[in-house]
Amino acid sequence: QVQLVESGGGLVQAGGSLRLSCAASGRTFSSYKMGWFRQAPGKEREFVAAIIWSGGMTYYPDSVNGRFTISRDNARNTVYLQMNSLKPEDTAVYYCAADPHRFRPEAQEYEYWGQGTQVTVSS
């Protein structure tokens, strides 16, 4: 059974940084795509970043490109989201997701989801 456990959320001032972690277990993820999504209160869940585990190709929307970096650690079976230059509008619950199909990494067509971790950016 696939399990995704996020950690690293918290409260940070605008301009600060946080690193989120997603510990994955229950499968060999080498052929998976891994994604980060977020959902702010009253808003729809949106794509934040994705990585193809094998090869490491990454994807970002314009809203975070250049500020956020997704990476993976093969030995630890962990995906990270380094978030720099945080803004109050980045405040949301951040979710890790995994899917065995590589196509459309920006879409929310992921089979497995974590519980989420809260990120709050104060102005």
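Remember, it's a predicted structure, so these values are computed and weren't measured experimentally. (Residues numbered from 1 in each chain as written. Predicted model: local features only at pLDDT ≥ 70, side-chain atom pairs only at ≥ 80, totals over all residues. Heavy atoms only, no water.)

## Comments concerning the overall build of the chain
- Helix and strand counts for the chain come out as zero helices and eleven strands.
- Counting helices and strands in the order they occur from the N terminus, the chain gives β-β-β-β-β-β-β-β-β-β-β.
- Compactness check: the chain gives a C-alpha radius of gyration of 13 Å against a globular reference of 14 Å for 123 residues, within 12% of the reference.
- Along the longest, intermediate and shortest principal axes, the C-alpha atoms of the chain span 40 × 25 × 25 Å.
- A buried classification covers 44% of the 123 residues belonging to the chain. (Helix = DSSP H or I, 4+ residues; strand = E, 2+ residues; numbered from the N terminus. Rg over C-alpha atoms; globule rule 2.2 N^0.38 Å. Buried < 20%, exposed > 50% of the residue type's maximum accessible area, 1.4 Å probe, protein only.)

## Looking at the side chain of Lys 33
- You can see Lys 33 is positioned in strand E4 (residues 33–39).
- At 3.1 Å, the side chain of Lys 33 forms a polar contact with the backbone oxygen of Phe 103.
- Sequence-distant contacts of Lys 33, defined by excluding residues within four places in its chain, comprise Ile 51, Ile 52, Ala 97, Ala 98, Asp 99, His 101, Arg 102, Phe 103, Arg 104, Pro 105, Glu 109 and Tyr 110. (Polar contact = N/O pair within 3.5 Å; in protein donor to acceptor, adjacent residues only side chain to side chain. Contact = heavy atoms within 4.5 Å.)

## Some words on the packing of aromatic side chains
- The tally for this structure, following the rule as stated, stands at six aromatic pairs.
- Between Phe 29 and Tyr 32, the ring centres sit 5.0 Å apart and the planes meet at 75 degrees, which makes this aromatic pair edge-to-face.
- Among the residues examined, Tyr 32 registers a relative accessible area of 6% and is labelled buried.
- Relative to Tyr 110, the ring of Phe 37 has its centre 5.2 Å away and its plane inclined at 75 degrees; by these criteria the two rings are edge-to-face. Placement of Phe 37 in strand E4 and of Tyr 110 in the loop between strand E9 (92–99) and strand E10 (112–113) is noted, with a sequence separation of 73 residues between them. The pair Phe 37 / Tyr 110 is uniform in exposure class, with both members buried.
- Put simply, the rings of Phe 37, Phe 47, Tyr 110 and Trp 113 pair up and form one aromatic cluster.
- Across from the ring centre of Tyr 110, 4.9 Å away, lies the NZ or CZ of Lys 33, which sits over that ring.
- For Arg 45, the ring lying beneath its charged end belongs to Trp 113, and the centroid distance is 3.8 Å. (Phe/Tyr/Trp six-rings, centres within 6.5 Å; stacked < 30°, edge-to-face > 60°. Lys NZ or Arg CZ within 6 Å of the ring centre and 35° of its normal.)

## A word on the pattern of salt bridges
- This model, assessed by the stated rule, comprises six salt bridges.
- Of the charged contacts in the structure, one is a salt bridge between Arg 38 and Glu 46, with a shortest N-O distance of 2.6 Å.
- Between Asp 90 and Arg 38 there is a salt bridge, and its shortest N-O distance comes to 2.9 Å. Here the residue Asp 90 occupies a position in the loop between strand E8 (78–83) and E9, and Arg 38 occupies one in strand E4, the gap between them amounting to 52 residues.
- Taking the relative accessible area as the measure of exposure, Arg 38 reaches 6% and is therefore buried. (Salt bridge = Lys/Arg side-chain N within 4 Å of Asp/Glu carboxyl O.)

In short, the description is geometric, and any link to function would need to be established separately.
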